[in-house]
Every structure is written in C-alpha cells, then in structure tokens.
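Residue-level structure breakdown
The residues making up each chain are set out below.
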Amino acid sequence: MRQFAALYAQLDATTSTSAKLAAMQRYFADAPPADAAWGLYFLLGHRLKRVIPPTRLRDWISQLTGLSPALVEDSYAHVGDLAETVALLLDARLDRIAPDQASAPPLHECVALLQSLAGADPDLQRDTVFAWWQQLPFEQCFLFTKLLTGALRVGVSAGLAARALAAQSGVDVAVMQHRLMGEWQPSAAAFTALQAVAPAQQSPSQPYPFCLAQPLDDAAPDAVGPADAFLAEWKWDGIRGQLIRREGQCWLWSRGEELLNGRFPEIEAAAASLPDGCVLDGEVLAWKDGAVAPFALLQTRIGRKAPGKKTLADAPLIFMPYDLLELDGVDLRAQPLQQRRSALAALCDRSAFTPSPTIDAQNWDALRAQREQARQRGVEGLMLKRRDSVYGAGRKAGLWWKWKVDALTIDCVLVYAQAGHGRRSNLYTDYTLAVWSGDALVPVAKAYSGLTDADLVAMDRWIRAHTLEKFGPVRSVEPLQVFEIAFEGIQASPRHKAGVALRFPRIARWRQDKPAAEADTLDNVRALIGR
Amino acid sequence: MNDLVIPTGQGLYCPAGDFHIDPWRPVERAVITHGHADHARSGSKRYWGAAPGLSLLRERIGYGAGIVPLAYGQRVEFGPVTVSLHPAGHVLGSAQVRLEHQGQVWVVSGDYKRDPDPTCTPFEVVPCDVFITEATFGLPVYRWQEPAEIAREIHEWWQDCKAQGLCAILHCYALGKAQRVLAELMRYTDETVYLHGAMTKLVKLYRDAGVAMLPTDAIGNQPKFFDWKGRLLLAPPGAGGTPWMRRFKPYSTGFASGWMRVRGSRRRQAYDRGFALSDHADWPSLLRTITETGAKRVLPTHGNTEALVQWCREQGIDAAPLKTEYEGEPQHDAAAVADSEDPVANPAG
C-alpha cells in the first residue's frame, strides 16, 4: 500500500508524460509482483466493486470525528471527493494516533481484506474501517477510502500504463496492449506472465485493442488526401463492440472493455452462426423496420441484464460489423482494410450478419453531400478509413477519420449550478440550462463542458455573487447568463419535464452579448425534433 | 443595543465612532487592519494603522496619504468609542481592531493566523463580546502542517529541481507569503533566491523592518543569458503561464497557498507542486480563537462562513454571516481573477 500510495502521489504531482512513465516503470520494477499486479489493474482503470455505500461512510466519518453531518456535508461539497474529504477530516483531528508508516499491509492484502468486508456484518465493517482510518497516514488513508468507495481512478491512461509495463519488461507495446485487453485476475503469476517475452497462452475471450479514428477538420477535409483513397461508411450512433466467436462460445466487449454478455441475447444467438476463430468489430444498434432507431431506444437496453420478451420486441438490437479482425483463428489486423472488408463480406454471406454498407462517392464534394444527409438517416456522420490501412491499436494518425455532421444549437439560460468533481471541485461548473415557455424557464439540458478554465473561474464568481437559493450542493441563480448549447440530436421524451431529451449537450459559446429574454423558446426547441 | 459595527456599501462601519474599517470605497476616516489590496485601498481622507506595518501601508495607499501610526495596544478615542489595534499574526504589521463602547467590546479580526511566523508579531487573543472573524478556510478539512515542515518540502523540491537541471519557480503572494517563505527557508540554506519585480520592494520593506530572510536578488538584474538551472525564483501567481516564464525553461512550478491542501485546486491550477502554506487561520485555529475570545456572538466574514456559523450554533454561540467584499486568500490565479470586484458583468437587458 505504501509503494502504491507513493506512486499515486508521484503521478499526481507531475503533468509530464515522461515523468509519469518513469514513475510507473520504477513501481513495476520495485513492487512485489502480487502488489504490482493490483497496482497495474488500477492503473488500467479497473475498479473494485463498491464495498460500502457512500452515505454510510459519511455517517461513520461524522461519528469518528464528532463533526455534525451538516459539517461533513459542507466539507464534501467543498472538496468534491469523498475519500479525500475523509482523509482530510481525519488528518485534521489533533488527537489522531501517530501513523506508523510501516504498519500498512501490502496492496494485495489490502484488496483481499476489502473484498472480505463486502457483505460482512455492518458492525464488523465499521470497526475494521475505523481501525484503518485511525492508523493509516494521509495518502494511504485516501487510497484506502477510494478503494472502499470503488472510485479509485489514477490520472494516467491505460495506454500509458501499458507503455510503462512494455518498457519495463522489454515486450513490444502493441503486444502488451493486446495482453492487457479483456478480463484478467490480478495475481503474482498473472503479472509475471504479462512480462514474459515469449507469448503466453491467451484466454479465448480476449479482445484486440480497438482502432480509433481522429476528427476530420471540417474546413479542409481534402487535406488528408484524395477521396478515393478512403473507404466511406456511416458513423453509427450506437455502442462500438467487438464480437468474438471462439471455441464454440461468444463474447461481446464494449470499447470500454466491459463484457456485455447476457444483455443482448439476440446478438449472441446470431453469433452462433459464425465459424469458430472469428472476431468482428462493429456497432450494436437498435434496429426497427429496416432502419436504425434513435440511441434513446438502445439506451433502454443498456443496463438491463436478461431482458424479457416485451423488451426484446420493443427494442430489437442488431450487431452491424464493419471490420474483421480474425478469421479461422488467424489475426488479420496487418492486412489492408480492403482485404479485410472482402473477407467480411464473404463471411456475412454465410452467417446471420449484414455488414455496414460502404458509401459510394468519388470525390470530396460527393462525400460532403452524403454527410449532409446524416441526420435524416439517424447517423452521426461519416467514417473515412484508408483503403490500405492496417487495423492499428488506438488512435493512429492519418488512417481513420470521423467526419461528424454539424451539431444543432440553441441558446439557453443558466438556472442552476452545482460544484464539479475532481479538478473542478469547489468550482460551480455543472450547469442546468433552460429555455422559455411563456414567462417560465423550463430546464432542457445539463452541460458540464465547453468553457475555458478562465471562463469557468469567472462564472464561478458570478454564480456565487448571484445565487438566489441553495438546495444542498445546488444553487439557483438569477436567470441572466445565456449559453449557446450544441448537441447531436433531439428526441421527444415523456421522462423529461420539457418533453425533449438532447444527445451530448455541451456549451458551444458563452453569449455575453445576449440578454436572457432573447434565449430560445421551448417551441423553437421542439421544432428541431426530426430535423 | 445597536450594533457597534455594521456592513455598509463602503465597508465595515462603526456608527457610534463614525469611522470605517478597511473600507473598499473612499471615506472620511479609515482604520486599516493590514496592507493587502482588498483591505488597504487608497482615496480615503485619513487612515489609522499599526505602526510596524506603516511602510507597507504607505506603499499600498500612497506616500502622500495621511496615516496615523498606532502602537499595538495604544488606545485612541473616536468620539465615545475607544479603539486599539492588536497583533493578528497575518503579515507584518497586521492588526485586529478592538472597539469598546458603553461596556461592550467588539473585535474585528481582519485576516489572522495562529501558526508561528518569523516575519510578524504573533496573534494576541483579545477577549470580547462580539467577534467578527475571518473565515477564509472555515471548513474542517483545512488544518495546516507545521510551517517548518512545509518549508522543508519546498526546500526538497528545490533540491530535486537542481538535481534534474530545472529552474524552480515558486508562485506566492507578493506581500507576506514571499517574505515568510524566505524567512522559513533560512533553516535549510543560505543560497540566494531570485525575485519577480512585484516583490523586490516589499521584500526590502520587510528587511528594513528587521525581518531576517535569505539573500535575494531581482530577476531583472541578471544578465541576459544567466543560467537559471537549479535556482529558486519567487513570482506572484499572476505571472504563471505568461510569456515572462519562457526564459526560465526548463522549469518546475509550485504554488504556496492554503488552497493547495485540496487536490482539486492543485490539479485545476496545473502547478507541478502545491504547498499548503497559509497566512490565514485553519479550522482548528478558528475554533480555538472563537473559544478563547469568550465571544457570545460571532460574525464570520469572507470565505466559507456557513460552516463556521453552523459550528458556532451547534456550540450554542449566536452566529450569523456578515457580507463583505474582502477576498481572503484568492483561490484562483490572480491572472484570472484580476482586481475588479465583479469581473463578469451581467449581460445587457
């Protein structure tokens, strides 16, 4: 725990990529493999299941420090992170037992202990947590509580962690990235196997790293090359996934490396038509009457495991493949896209899948014209992939481009603000925005991003000075500030007060020039549905 | 009985004695607690301030201004109100204002801290009936470590930078924090520290007042191709991220401020290192001070007043927030906040 806490502090203390890499390499070299395995697991962005609900932790910290629940609540609202609040409140107690640096157990024992606490008797949970809280030094107390809440995130990307481990072990980065995909149980043996230079036996469930696209510059799309060098497809608004068929079983992975098995039985049933040793890259889509249905319909299926008949009938899903990564157990990623596409077409002819259609366009003007139709078709825009491109790991410059349709925009009035989390803690950065319905303002969107740091700070001060009422962490403000909100799509939604739901709303511009009375009306907004 | 001190559009005002305390607009008579810009503003007719801080007040308010210096504890009459200044331990010459009228004693704390500070007279507990206390860090998460410990961390960071061939640029407020860092670092080194132009005069005024600090030199005095590797530079927060920084590359940046106690502030401001060194009272000091004054009524002002009001009420002490325009320790980069009171104007209409 001490070594991992030190690593965490080092990663937190620098913004330099090379310093982060060096710190991780040192950690992988120095930490015992059983601990390093868990350290790596967290660096990759995996989390433990939450052991204890946050509300209970807040009660406990109140009991242990003697601070009233209201003061604990104020502190949490200010700090924006429960584990850090706990560590700070404990550290501020003058009667705290002097922490013994050597007493914290190794990380893997710590994890085992936490896992044994899940579902244990509440009194035992409480006594154990109290004992730890009282003896751990600040950094370790913070990490321990982060693990308890299941919210530990380390400030490095999974790709960077993979690079560090690859450099430390002498394994090629792409090979390391592949080894780290999917499910693996942290252990000393697993950690040692990851570092082995010779390829190890891999689990049949293991996905390949996803190849990602870069946004295309709308002003000069042709700067990336002649149009006929690219294969164009629709950019679907679904869930990117990798469908694996091996050893008579199938696995469906999301881009976030979450295993989706059990949620989409119709896709698993279709996968049975695939030959063994084959891996598809594609999109999970809600599909009705021969066309893609809005994302909102797919959304009703995401959280639902083992859906019933009615759900399956109301929101039918398909998996639409657009790439073939493995066939007959052979890795095809080094072949040019053109060849992979032909193989995919042949495979689809003898299975229950239909490939994502390619778009016929000879030049950039034709492509632009196709893109203009994207919204009517219910897609986000175009994907442009070089015909000769290999299937790279991650975002490889110049191979794949996404050319999204211009966002829709409306002018909204800021009505509520809430403090953010992480680096926006104690800054009022999360806005609820409204449009006019007669004389009333009706909230239509929440937006968390789009302003510069300087604007956020200035707005934070404005919000504090123009607060009307406080509702816990939320403040209502004088309806004076206007923001232009951009979003990808709009749906009628009975679940929302305004009767509409916006897709990916974010702040496009701060309209300091515009009085609130001139913001959009709900009628204007509703008129955008179906456009 | 009427309140001895009330907030007005000009600042805190004592109606019985007809004078203001730290007014933010020009007034006839102003009693000043200390030389920070949000407390000492120019334009008033006459000023009273603590004698040890006189040179700082002159620097801030103007050399032509009429300032009456008062020794700590010296009593002056404003009509029926007896006024005296008492050490606040915030910066050189900082003072609390004690007001006595018809047997009632009020104390306006100004900014204060209880931690040891070699650059100024320590805080004095002044018993009172009503205590107007600052509350910049009025939340239970704020407790300062020993200043010597923070200074050790700063020194270690400087030495790390030296080992890596980096220039160490520590951002801190020009009045008070810079001098405190220079004084605290004397425990660990006698090397010269280089100062941003906004700090040289203030450091000189501290030296003239007899405060012992590390040797310093102005950054601007150095030759064009001076080797900045391994040097420690002090600069105000507003200098961060400006083209002025370029010539010191490669460098590491730090910020010495109480806000650095919280990770979110540290990450948001993108300094490489944060050092939680503050000239304001932390939570335990606020509670201890309120208790020690014996005040039956507490009026927290500027900062996180709500939690402190909440705590006082839980203890059975009458408390309410007092709305003022002081900033305490600016939480955000001075560059972003600037000096204006409301940098975001309401849109027209």
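Report follows, based on the coordinates. Throughout this description, residue numbers start from 1 for each chain and increase along the sequence as written. Whichever chain is written first becomes A and whichever ligand is written first becomes 1, with later ones labelled in order. Residue-level local features of this predicted model are given only where pLDDT is at least 70; pairs of side-chain atoms are given and counted only at 80 or more, and the full residue set underlies all totals for whole chains, interfaces and linings. With hydrogens and water excluded, all non-hydrogen atoms of the structure serve as input to the side-chain values.

A few words now on the pairing of strand E9 (residues 95-101) of chain B. All names here are of chain B. Counting buried positions along E9 yields six of seven residues, so the element is predominantly enclosed. Two strands pair when backbone bridges link them, and strand E8 (residues 81-87) and E9 are joined in this way by six bridges, in the antiparallel orientation. Bridge pairing in E9 links Thr-82 to Glu-100. Note on pairing: DSSP must find at least two bridges between two strands before they are called paired. Numbered from the N terminus, helices here are DSSP runs of H or I no shorter than four residues, and strands are runs of E no shorter than two. Alignment of E9 against strand E10 (residues 104-108), held across five bridges, turns out to be antiparallel. Paired with Leu-99 across the two strands is Trp-106, which belongs to E10. Between E9 and the antiparallel strand that follows it, E10, lie two residues; Gln-102 among them carries a positive phi value of about 50°. Only protein chains enter the calculation, and the probe is 1.4 Å; a residue is then buried if its accessible area is under 20% of its type maximum, exposed if over 50%, and partly exposed in between.

Another point: the pattern of salt bridges. All names here are of chain A. Counted as salt bridges are all cases of a side-chain nitrogen of Lys or Arg within 4 Å of a carboxyl oxygen of Asp or Glu. This structure, assessed with the given rule, holds 43 salt bridges over all chains. The partner of Arg-503 in a salt bridge is Asp-237, and the shortest N-O contact between them spans 2.5 Å. Of this pair, Arg-503 sits in strand E21 (residues 500-503) while Asp-237 sits in the loop between strand E3 (230-235) and strand E4 (239-246), and the two are 266 residues apart along the sequence. Here Glu-488 makes a salt bridge to Arg-506, at a shortest N to O gap of 2.8 Å. With a gap of 18 residues between them, Glu-488 in the loop between strand E19 (482-487) and strand E20 (489-492) and Arg-506 in strand E22 (residues 506-510) connect regions that are remote in the sequence. For Glu-488, a relative accessible area of 14% gives the class buried. Sharing partners across several salt bridges, the network here consists of Asp-411, Glu-484, Arg-509, Arg-511, Asp-513 and Lys-514.

Residues and elements named next belong to chain B. Strand order in the open sheet formed by six strands is E15-E14-E16-E13-E17-E18, with parallel pairing between adjacent strands. The open sheet is flanked by strand E15 (216-218) and strand E18 (273-275), the only strands paired with a single partner. Each strand of the sheet is rotated relative to its neighbour by a mean of 30°, with strand direction disregarded. Taken together, the five bridges between strand E13 (residues 167-171) and strand E17 (residues 251-256) define a ladder with parallel strand orientation. What sits directly across from His-171, in E17, is Phe-255. In what follows, residue pairs with any heavy atoms lying within 4.5 Å of each other are defined as contacts. Helix axes are fitted to C-alpha atoms over the stretch in contact, other axes to C-alpha atoms as well, and angles between N-to-C directions run from 0 to 180 degrees. On the sheet, helix H4 (residues 197-208) packs against strand E14 (193-195), E15 and strand E16 (232-235) and is oriented at approximately 115° with respect to E14.

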